[in-house]
Amino acid sequence: MPATDTAWIVLGRSGDDVVAVDLDGTGAEIERLSIPRSEIVAWIRDRERAAPVRWVWHDTPVWYDAVLDAGATVERAHDLRLAHAILRDAAAVRDDAGLRTATAWDAAAAAAAVDDALFDLDAPEASVPEGVDEALAEFARQRAALAASERGGALRLLIAAESAGALLAAELRAAGLPWDADVHDGILREMLGERGGALPARIEERAAEVRRILGDPLASLDSQPKLLRALHRAGLLVETTSRWELRRHDHPVVEPLIDYKRLMRLYSANGWAWLAEWVRDGRFRPVYVPAGVVTGRWASSGGGALQIPRQLRAAVRADPSWRLIVADVAQLEPRILAAMAGDLALARAAAGRDLYEGIVAQGTLGSRAEAKVALLGAMYGATSGDGGRLVPRLRRAFPRAMALVDDAARVGEDGGVVSTLLGRTSPAPSGAWSRLQADATDVDASDSDASRARRYARDRGRFTRNFVVQGTAAEWALAWLADLRGRLARLPEVGEADAAPRSGPAFARRPHVAFFLHDEIIVHTPSVHAEAAADAVREAAASAGRLLFGDFPIDFPLDLKIASSAEKS
């Protein structure tokens, strides 16, 4: 884990002070310093400037938020909490070092929302141990586990990427996403109508129209069971109120009801209350949770960070003399599947073009829509409908790719675990799941017991089928972000006249990532660096592909634009 050209410094509490422990390349202690907590941020900043450092700490936001508030950043870190979660569950890790018995480190990812707990004497304790001796012991366990693993190199890379993601998540919140509250307000007024009564005018109008058509002036439109009963009384025999099911029926209530639900969703999720709570001083500052999903994807613990409704993207506006680089990857997961499986036929379909159109060009399927449905069906385990019907044709055309996900599904159905390219491992089945499968084989098991066990096994197979692809796609995205973060940091700062002070002291003068969602990023950059920042985004994507897949011929094309707004055409 440690490298000879980089200092590893473990930070932790000891009484009222912070202790910094320098380690050599073998993990042995070189020096131990006790630093007053009032001086630790300045010490971290000065130490970071002096020479390359990889900071080892129990939980990134607890330490890093205060550093960012002071206008500084760090280049690299090792997040013990996130690393513990990876290694604890990794199938490629033996537990000779006692990693899985260190239960104090098994806290959930909720600690991402802690506000400067380390620097507040009255703050609650963080969710994992903060003491320096506990941090040193955990770091030693992790080093031993990696040294003993045949996949130690891949897991080290995963931990480095995960830790870089944790740094970026803190930076995203510190810098914020540029957001024009006036534009947002104007969009709401245009779509929802003026505020006045209990609900905006246009929502009230749609609700009244729906109730009139239903012949029920008191119909509850926001309670699914009550709405279903009202629809049934009006002769619309649907099982759900989803847009897709409603549109399969010819009834005058369908369109106004769908429109009501659309407007109500915008009002509830991103209306004026959301605007007042989450947008301040021209910035949307959500709370990201790295690895908040078992596949390694990020989650959010506040603000709906992982979505910007299409109708509100016009409110994402660069500051004066700044620009946005908006980039997303085309068909990320199918491309990941091709590279993981080493499927040259699928890679050729993706080469330099839309992958789904490439499948059509090869003669495998008749239309782009069919190709998309079939490939997503293969990755998500479709057994019926168009996806289930078309998947066999993909198996003939792309046997290696289909074999990879089919094998992962069989492992899941049998109660096994699967791993991503770098070694993140799926959770083991629950005890209840295992008991259900065992009971179904009993001589006294009923047909319904056996049927239920098969259904649960298929569900788990669908989960493991997608886990290997979605999890590896998350690893590629982390590698993309980590590489891009470094490239942007090397661009020169702009002067005071071109600064964007609302991005905070650490990012007011330099390009930075301002938004991330699975396969999309937004960079906020001074206009003078816009082209260089766009090149950095493209080069980082190519670098991530090489890092994970070597010279396998797969590309990750970006839909990229330089603009003042994130609005999509």
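Our subject in this report is the structure included herewith. (Residues numbered from 1 in each chain as written. Predicted model: local features only at pLDDT ≥ 70, side-chain atom pairs only at ≥ 80, totals over all residues. Heavy atoms only, no water.)

1. Considerations on the environment of Ala347
Here is step 1 of the chain: Position of Ala347 among the secondary structure elements: in helix 13 (residues 344–350).
Here is step 2 of the chain: Residues Ala347 and Pro553 lie 206 residues apart in sequence; the distance between their C-alpha atoms is 6.7 Å.
Here is step 3 of the chain: The residues touching Ala347, leaving out its near neighbours within four places in the chain, are Ala338, Phe552, Pro553 and Ile554. (Helix = DSSP H or I, 4+ residues; strand = E, 2+ residues; numbered from the N terminus. Contact = heavy atoms within 4.5 Å.)

2. Let's talk about the pattern of salt bridges
Here is step 1 of the chain: Applying the stated criterion across every chain yields a total of 33 salt bridges.
Here is step 2 of the chain: The partner of Arg465 in a salt bridge is Asp406, with the nearest N and O atoms 2.9 Å apart. One end of the pair, Arg465, is in helix 19 (residues 447–489); the other, Asp406, is in helix 17 (residues 399–413), with 59 residues separating them in the sequence. Of the two residues, Arg465 and Asp406, both sit in the buried class. (Salt bridge = Lys/Arg side-chain N within 4 Å of Asp/Glu carboxyl O. Buried < 20%, exposed > 50% of the residue type's maximum accessible area, 1.4 Å probe, protein only.)

3. Remarks on the sheet that holds strand 3 (residues 29–36)
Here is step 1 of the chain: The five strands are arranged 3-2-1-4-5 in an open sheet whose pairing can be described as mixed. Strands with a single pairing partner mark the edges of an open sheet, and in this sheet they are strand 3 and strand 5 (76–79). Sheet twist, expressed as the average angle between the axes of neighbouring strands with direction ignored, equals 25°.
Here is step 2 of the chain: Sheet topology note: the strand 2 (residues 17–23)/strand 3 ladder contains seven bridges and is antiparallel. From the neighbouring strand, Leu23 faces strand 3, where its bridge partner is Glu29.
Here is step 3 of the chain: Relative to the sheet, helix 1 (residues 40–50) contacts strand 1 (7–14), strand 2, strand 3 and strand 4 (53–57), its axis offset from that of strand 4 by approximately 145°.
Here is step 4 of the chain: Contacts from helix 4 (residues 132–148) reach strand 1, strand 2, strand 3, strand 4 and strand 5 within the one sheet, and its direction differs from that of strand 1 by about 140°. (Pairing = 2+ DSSP bridges. Axes fitted to C-alpha atoms, helices over the stretch in contact; angles between N-to-C directions.)

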